[in-house]
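# Remarks on the overall topology
The primary structure of each chain is shown beneath.
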2 protein chains.
Amino acid sequence: MSPTAQRPDALHPGAGGRATARPTLEEVAALAGVGRGTVSRVINGSPRVSAKAREAVQNAIAELGYVPNRAARTLVTSRTDSIALVVPEAETRLFSEPYFSDIISGVSAELAETDMQLLLILVRNQRERDRLSAYLTAQRVDGVLVVSVHRDDPLPGLLESLEIPSVLAGRRGDLEPLSYVHADNAGGARMAVRHLLRRGCTQVATLTGPLDMEVAQARLGGYRRALEEAGHAYDEDLVGLADFTEEGGRVAMRELLDRRPELDGVFCASDVMAAGAMQVLRAAGRRIPDDVAVIGFDDSIVARHTDPPMTSVRQPIEEMGRTMARLLLDEIHERGRARRQVVLATELIVRDSA
Amino acid sequence: MSPTAQRPDALHPGAGGRATARPTLEEVAALAGVGRGTVSRVINGSPRVSAKAREAVQNAIAELGYVPNRAARTLVTSRTDSIALVVPEAETRLFSEPYFSDIISGVSAELAETDMQLLLILVRNQRERDRLSAYLTAQRVDGVLVVSVHRDDPLPGLLESLEIPSVLAGRRGDLEPLSYVHADNAGGARMAVRHLLRRGCTQVATLTGPLDMEVAQARLGGYRRALEEAGHAYDEDLVGLADFTEEGGRVAMRELLDRRPELDGVFCASDVMAAGAMQVLRAAGRRIPDDVAVIGFDDSIVARHTDPPMTSVRQPIEEMGRTMARLLLDEIHERGRARRQVVLATELIVRDSA
DNA sequence: CTACAGTGTGGGAGCGCTCCCACAGCTGGG
DNA sequence: CCCAGCTGTGGGAGCGCTCCCACACTGTAG
């Protein structure tokens, strides 16, 4: 314990040592020799302050290590300077896992510049859903991000009627009134199927997600469109209804093989479904990609580790998070601005499975 | 718009229709025919209230749909009723991804019973680290959870000196003064290596994580201990230093094969390293598990999808999150209670790679 | 009958801000 | 010369709570 030993104490340079009470606006004002109002104006960036006063205040703030008390500010402005990221828990498990952390990472990156706080709210049952309603009604956040939506999810409706600024990842349907950001699911699917056709597949099947989700619908739509553009008739027997999960992919793939043993390509609406499908195909003695080419969706971590490594459609998830945050901040600051929609491009990552 | 059309409006049953301003304590008091103090006592569960008054207040609260204003409460109590989950971003990428969501899921589950809010703070560079310091010093949270720690991470030291209740996932070293929760890394590693020995391996190598992390050290320690217990000398040539990543695993595995071509088992301190190692082994013409048996750590999603599916050590991550939250709440409510440590058991999930 | 604990209660003070009104000082036009 | 009209400024009021003091109103002991 030498006197020069550095201690992580660097935050009260002015104060004479131990952690005293936090300085208030009034103390800053006293030190700067101005009134409370002037200090407040400086902090909030008002132009109506003389250069001299502004400098005095800034020095005082630095000297005291002043940080505004958020609660006091919230009490009078009824802004909270915080937004909620709501995750319907059921979805988290379905989506490829990195999705979740990447969205958060993007949102957080965008928020880092502001002094907004990010509140995380997982909703896993009706009770928690009710709590969330009460929470939102009590105006405890300035805005809401929703990570994934089912067609019949009541949450977006609630947000709409409460008129809370909000942005969804994905949408409920074509005419989603709330702002949302999503990847070009249809385009990605179309790109994948075209890739299969180009490499010579003539019997291209698909494994879908749960069709009460717009993402699943959109990916199926892209599949269908690519086939039709290439002059193939849409054949329902080539469509395997599944649920984004590995086990669902296995089951649907088996049925598909029974119905259409001659199929030579499969576009899967998620990587884990594709992984399941690949297991089934291999068990059935099909070589990948020679007998059957397989493409997944998400470009998640499993895509790199299947055997062979999987060709997959990548969506810019972190960018989606960033965009969501940006839209939300806009909506919060310019109340009543029109809702906005953003579609981000997807990309085909070609590996060895197709 | 029929008059009976249901609107999601159920939260102001007493109010005569449109969203009016939120009711205050005072209005509740007026309606219940009591004073402000009595209402406050009822809300905060004080015993010094007559049954009659309590009932009147509860009715008034229900009728008005009253929800206390958090900011006002915070202003006077200087409790914030929120805790921060801090994620040093660099780590997130290293750890197998589900780790992150599972910890959050556990924490959130535990918090659901309380009215604590969960704040998420990602720290990815020095600037954000500074902001966090200011944030914590300004007492904007009642407690802090830290998701993963390096030996030289300054954050735990800061938390210690600010005396903020905090719980770490993992620890810096043997004598970690802060509360922490971690999996039995050493035990899991030992279990894995014993499994390899039991199946007949005689030359068991290991791939380590970065040794400035205690987890990596502990897993290496478990490896060493199992070998010594079985009467094998510790052989440095069988230890490949890596960094938890897939590429790191590949590089270290190649070196290991050069040094000790006769090795017949590898314990890897993470699944993704094991996946990288398996690629290298296969490329070198080794059959898994017949020529070389491989075990990973984390039992993450990749473990199920490698070829062959990987035997791996599972840690109870969600349970870790839950426990962290529980310890933190205790520490917040009983200020100055002794720091606590919790170690949770790991489990060997046997698949086909060993 | 007075004294005196012990309950339950009302309401003032005050947490640290922002908002806004009043006012001082300084132009410049009539 | 006065009176607008600008800046820039100080400080009162008040946001919605909790804390705590003072004050009934009981009941029991002296």
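All figures in this text were calculated on a predicted structure; none of them were measured in a lab.

## Some remarks on the protein's contact with DNA strand C
- In the vicinity of DNA strand C lie 26 residues, with Tyr66 of chain A together with Gly35, Arg36, Thr38 and Ser50 of chain B positioned nearest.
- Taking the atoms of DNA strand C that fall within 4 Å of the protein, sugar and phosphate contribute 60% of them.
- Elements that contribute at least two residues to the surface near DNA strand C include exactly helix H2 (36–43) and helix H4 (70–77) of chain A together with helix H2 (36–43) and helix H4 (70–77) of chain B.
- For the surface near DNA strand C, the leading source of residues is H4 of chain A, giving five residues.
- Looking at the surface near DNA strand C residue by residue, the classes come out as 11 nonpolar, 10 polar and five charged.

## Concerning the relation of the copies chain B and chain A
- Placing chain B over chain A gives an RMSD of 0.2 Å and needs a rotation angle of 180°, together with 0.1 Å of translation along the axis. Read as a symmetry element, the transformation amounts to a two-fold axis.
- Most of the interface of chain B is mirrored in chain A, where 98% of its interface residues are also at the interface.

## Regarding the packing of aromatic side chains
Residues and elements named next belong to chain A.
- On inspection of all chains with the given rule, the structure shows two aromatic pairs over all chains.
- With a centroid separation of 6.2 Å and 65° between ring planes, the pair formed by Phe267 and Phe297 is classed as edge-to-face. With Phe267 in strand S8 (residues 265–268) and Phe297 in strand S9 (residues 293–297), this residue pair connects regions lying 30 residues apart in the sequence. With respect to burial, Phe267 and Phe297 carry one shared label: buried.

## Digging into the state of the cysteines
All names here are of chain A.
- One pass over the full model with this rule turns up zero disulfides over all chains.
- Not part of a disulfide, Cys201 finds its nearest cysteine sulfur in Cys268, a span of 12 Å.
- Judged by relative accessible area, Cys268 falls into the buried class, the value being 0%.

## With respect to the pairing of strand S6 (residues 204–208) of chain B
Residue and element names in this part refer to chain B.
- With five of five residues buried, S6 lies mostly within the body of the structure.
- Two elements, S6 and strand S8 (residues 265–268), share four bridges in a ladder whose sense is parallel. Within S8, the residue paired with Leu207 across the bridge is Cys268.
- In this structure, S6 lies alongside strand S7 (residues 239–241), joined through three bridges in parallel fashion. Pairing of Thr208 across the sheet is with Leu241, part of S7.
- With respect to chirality, the unit in which S6 leads through helix H10 (residues 214–229) into the neighbouring parallel S7 is right-handed.

## Digging into the interface of chain B and chain A
- Contacts between the two partners involve 57 residues from chain B, matched on the other side by 56 residues from chain A.
- For the chain B and chain A pair, buried surface summed over both sides reaches about 4,600 Å², with 56% attributable to carbon and sulfur atoms.
- Put simply, chain B and chain A have three salt bridges between them.
- Close ionic contact of Glu113 of chain A with Arg127 of chain B constitutes a salt bridge, the shortest N to O distance being 3.5 Å.
- Counting across the interface, chain B meets chain A through 19 residue pairs in polar contact (both at pLDDT 80 or more).

## Describing the protein's contact with DNA strand D
- Around DNA strand D, a shell composed of 26 residues is seen, among which Gly35, Arg36, Thr38 and Ser50 of chain A together with Ser40 of chain B lie nearest.
- By atom count, sugar and phosphate contribute 62% of the portion of DNA strand D lying within 4 Å of the protein.
- In the model, a phosphate oxygen of DNA strand D is placed 3.1 Å from a nitrogen or oxygen of the Asn44 of chain B side chain.
- Counting residues per element, the surface near DNA strand D draws most heavily on H4 of chain B, which supplies five residues.
- The residue makeup of the surface near DNA strand D, split by class, is 11 nonpolar, 10 polar and five charged.

## So, the sheet that holds strand S9 (residues 293–297) of chain B
Residues and elements named next belong to chain B.
- Taken together, the six strands give an open sheet; going across it, the order is S7-S6-S8-S9-S10-S12, and neighbouring strands pair in mixed fashion. Either end of the sheet is taken by a strand with one partner, and the two such strands are S7 and strand S12 (347–349). Across the sheet, the mean angle from the axis of one strand to that of its neighbour is 20°, orientation sign disregarded.
- Taken together, the three bridges between S8 and S9 define a ladder with parallel strand orientation. Note that in S9 the partner of Gly265 across the bridge is Ala293.
- The sheet contacts of helix H9 (residues 185–198) involve S6, S8, S9, strand S10 (311–314) and S12, and relative to S9 the element is tilted by about 165°.

## Comments concerning the UniProt feature "domain: HTH lacI-type" (unreviewed entry) in chain A
- The UniProt entry lists residues 23–77 of chain A under the feature "domain: HTH lacI-type" (unreviewed entry), expressed in the numbering used here.
- Secondary structure across residues 23–77 of chain A divides into 69% helix and 0% strand, with the first and last C-alpha atoms of the span separated by 21 Å.

## Regarding the nonpolar core
- Counting 56 residues, the largest nonpolar core has Ile104 and Leu120 of chain A together with Ile104 and Leu120 of chain B as its most contacted members.
- Residue contacts for Ile104 of chain A: discarding those within four places in its chain leaves Leu85 and Leu120 of chain A together with Phe100, Ile104, Leu120 and Leu122 of chain B.

## Details of the side chain of Thr74 of chain A
- If you trace the backbone, Thr74 of chain A turns up in helix H4.
- On the basis of relative accessible area, Thr74 of chain A is assigned to the buried category, the value being 16%.
- Ignoring any residue separated from it by four or fewer positions in sequence, one finds Thr74 of chain A in contact with Arg79 and Thr80 of chain A together with Ala71 of chain B.

## Re helix H11 (residues 246–259) of chain B
- Look at H11 of chain B: 20 Å from first C-alpha to last across 14 residues, which is about the 20 Å you get at 1.5 Å a residue.
- Looking at H11 of chain B, one finds that the buried residues are Glu246, Gly248, Gly249, Arg250, Ala252, Met253, Leu256 and Leu257 of chain B.
- Check the buried side of H11 of chain B and you find it contacts helix H13 (301–305) of chain A together with S6, S7, S8 and helix H12 (271–283) of chain B.

## Some details on the confidence of the model for chain A
- Averaged over every residue, the pLDDT of chain A is 89; the share at 70 or more is 92%.
- This model gives residues 1–19 of chain A a pLDDT under 50, and the stretch forms 11 contacts once residues within four places in sequence are excluded.

## Considerations on the side chain of Arg70 of chain B
- Looking at the secondary structure, you find Arg70 of chain B in helix H4.
- Nearest to the buried, unbridged Arg70 of chain B among oppositely charged side chains is Asp115 of chain B, at 4.4 Å.
- In this view, Arg70 of chain B contacts Tyr135 and Arg140 of chain A together with Thr80, Asp81, Asp115, Met116 and Gln117 of chain B; residues no more than four positions away in its chain are not counted.

## Overview of the pattern of salt bridges
- By the definition in use, this model includes 53 salt bridges over all chains.
- The residue Asp299 of chain B makes a salt bridge to Arg351 of chain B at a minimum N-O spacing of 3.0 Å. Linking Asp299 of chain B in the loop between S9 and helix H13 (301–305) with Arg351 of chain B in the segment after S12, this pair joins segments that are 52 residues apart in sequence.
- The class of Asp299 of chain B is buried, set by a relative accessible area of 10%.
- Salt bridges here are not isolated pairs; linked through shared partners, they connect Asp235, Asp237, Arg260 and Glu262 of chain A.

## Overview of the environment of Leu119 of chain B
- Structurally, Leu119 of chain B is set in strand S2 (residues 117–123).
- By relative accessible area, which is 2% here, Leu119 of chain B ends up buried.
- Separated by 193 residues in sequence, Leu119 of chain B and Ser312 of chain B have C-alpha atoms that sit 32 Å apart.
- If we skip the residues at most four places from it in the chain, Leu119 of chain B touches Gln117, Leu118 and Leu119 of chain A together with Ser82, Ile83, Ala84, Leu85, Tyr135 and Val141 of chain B.

The rules behind these values
Residues numbered from 1 in each chain as written. Chains lettered and ligands numbered in written order. Predicted model: local features only at pLDDT ≥ 70, side-chain atom pairs only at ≥ 80, totals over all residues. Heavy atoms only, no water. Near = heavy atom within 4 Å. Helix = DSSP H or I, 4+ residues; strand = E, 2+ residues; numbered from the N terminus. Nonpolar A, V, L, I, M, F, W, Y, C, P; charged D, E, K, R; others polar. Least-squares fit on C-alpha atoms with pLDDT ≥ 70 in both. Contact = heavy atoms within 4.5 Å. Phe/Tyr/Trp six-rings, centres within 6.5 Å; stacked < 30°, edge-to-face > 60°. Buried < 20%, exposed > 50% of the residue type's maximum accessible area, 1.4 Å probe, protein only. Disulfide = S-S within 2.5 Å. Pairing = 2+ DSSP bridges. Right-handed = clockwise from strand over helix to strand, strands pointing away. Buried area = accessible area lost by both parts, 1.4 Å probe. Salt bridge = Lys/Arg side-chain N within 4 Å of Asp/Glu carboxyl O. Polar contact = N/O pair within 3.5 Å; in protein donor to acceptor, adjacent residues only side chain to side chain. Axes fitted to C-alpha atoms, helices over the stretch in contact; angles between N-to-C directions. UniProt positions renumbered as here; feature names shortened; annotations may be inferred. Core = buried A, V, L, I, M, F, W, Y, C linked by side-chain atoms within 4.5 Å. Expected span 1.5 Å × (residues − 1). pLDDT = per-residue confidence, 0-100. Lys, Arg positive; Asp, Glu negative; His and termini not counted.

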